[in-house]
Amino acid sequence: MNEKYNNLIKQRDKAEKKIEQADFKARQSKYYESQKKRKARSRRLIQKGALFEKYFEAEKLSVDESEELLKIFADINAPRITRTILLFLGFYFQIFLNLFEQFPNNLGSG
């Protein structure tokens with residue numbers, strides 16, 4: 001009887017240990033998955049930020065100025081076509097500004 005009891009205790013301990021190991025593996029897997037998602041999101045944000053700086057020459061803008069610029073193009077109530085047109089116009093406006101900066105300031109005195 002005592003031997004059976006000891007065997008049952010050992011089996012219970014083994015089962016508890018397996019449950020703890022499985023729980024640890026599940027938590028570890030969840031942690032790695034969340035880390036993977038976080039890194040992917042960080043990479044995506046960095047890439048989008050780099051594109052924003054590239055096309056809007058926004059390196060010199062503060063965070064608040066950048067937000068105001070983005071608000072112009074991100075009116076949630078505007079239909080998708082309107083946002084596309086605004087982005088298109090903003091892109092060409094930036095090209096115009098770049099070209100304008102290349103010309104001398106005394107354009108009329110010549």
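Our subject is the structure that appears above.
Nothing here was measured: the structure is a model prediction, and the numbers come from that model.

Parameters at a glance
Residues numbered from 1 in each chain as written. Predicted model: local features only at pLDDT ≥ 70, side-chain atom pairs only at ≥ 80, totals over all residues. Heavy atoms only, no water. Helix = DSSP H or I, 4+ residues; strand = E, 2+ residues; numbered from the N terminus. Buried < 20%, exposed > 50% of the residue type's maximum accessible area, 1.4 Å probe, protein only. Areas by Shrake-Rupley, 256 points an atom, 1.4 Å probe, with all protein chains shown as cover. Salt bridge = Lys/Arg side-chain N within 4 Å of Asp/Glu carboxyl O. Phe/Tyr/Trp six-rings, centres within 6.5 Å; stacked < 30°, edge-to-face > 60°. Patch = residues over 30% accessible without salt bridge, like charges linked within 9 Å, V, L, I, M, F, W, Y side chains within 5 Å. Contact = heavy atoms within 4.5 Å. Expected span 1.5 Å × (residues − 1).

### Observations concerning the overall build of the chain
Alright, step 1. When its secondary structure is counted, the chain shows three helices and zero strands.
Alright, step 2. Counting all 110 residues of the chain, 7% fall into the buried class.
Alright, step 3. Within the structure as shown, the chain displays about 10500 Å² of accessible surface, and the carbon and sulfur contribution to it stands at 59%.

### Some words on the pattern of salt bridges
Alright, step 1. The tally for this structure, following the rule as stated, stands at five salt bridges.
Alright, step 2. Between Lys71 and Glu67 there is a salt bridge, with its nearest N and O atoms 4.0 Å apart. You can see Lys71 and its partner Glu67 sitting in helix H2 (residues 63–73), four residues apart, about one turn around the helix.
Alright, step 3. With a relative accessible area of 49%, Lys71 lands in the partly exposed category.
Alright, step 4. When salt bridges with common partners are traced through the structure, they connect Arg12, Asp13 and Glu16 into a single cluster.

### Section: unusual backbone geometry
Excluding glycine, most residues fall at negative phi; most peptide bonds, likewise, are trans.
Alright, step 1. With a phi angle near 45°, Glu57 is a residue other than glycine that sits in the positive phi range.
Alright, step 2. One can find Glu57 in the loop between helix H1 (2–56) and H2.
Alright, step 3. Residue Glu57 is classed as partly exposed on the basis of its relative accessible area of 38%.

### Describing the packing of aromatic side chains
Alright, step 1. If you walk through the whole model with that rule in mind, you get two aromatic pairs.
Alright, step 2. Between Phe52 and Phe56, the ring centres sit 5.4 Å apart and the planes meet at 35°, which makes this aromatic pair tilted. In this pair, Phe52 and Phe56 are both assigned in helix H1, four residues apart and thus about one turn of the helix distant.
Alright, step 3. Overall, the relative accessible area of 18% leaves Phe56 in the buried class.

### Observations concerning a nonpolar patch on the surface
Alright, step 1. A contiguous nonpolar surface patch, about 850 Å² in accessible area, is contributed by Leu51, Tyr55, Ile85, Phe88, Leu89, Phe91, Tyr92, Ile95 and Leu99.
Alright, step 2. Elements supplying a minimum of two residues to the nonpolar patch: H1 and helix H3 (80–102).
Alright, step 3. Sorting elements by how many residues they give to the nonpolar patch places H3 first, with seven residues.
Alright, step 4. Tracing the backbone shows Leu99 in helix H3.

### Examining the side chain of Ser66
Alright, step 1. Looking at the element boundaries, Ser66 is found in helix H2.
Alright, step 2. Under the relative-accessibility criterion, Ser66 is labelled buried at 12%.
Alright, step 3. If near-sequence neighbours (up to four positions away) are discounted, Ser66 is found in contact with Phe52 and Leu61.

### Side note on H1
What sets the pattern is the α-helix's 3.6 residues per turn: residues three or four places apart point alike.
Alright, step 1. The terminal C-alpha atoms of H1, which comprises 55 residues, lie 80 Å apart, in line with the 81 Å expected from a rise of 1.5 Å per residue.
Alright, step 2. Backbone geometry just downstream of H1 places Glu57 in the positive-phi region, at approximately 45°.

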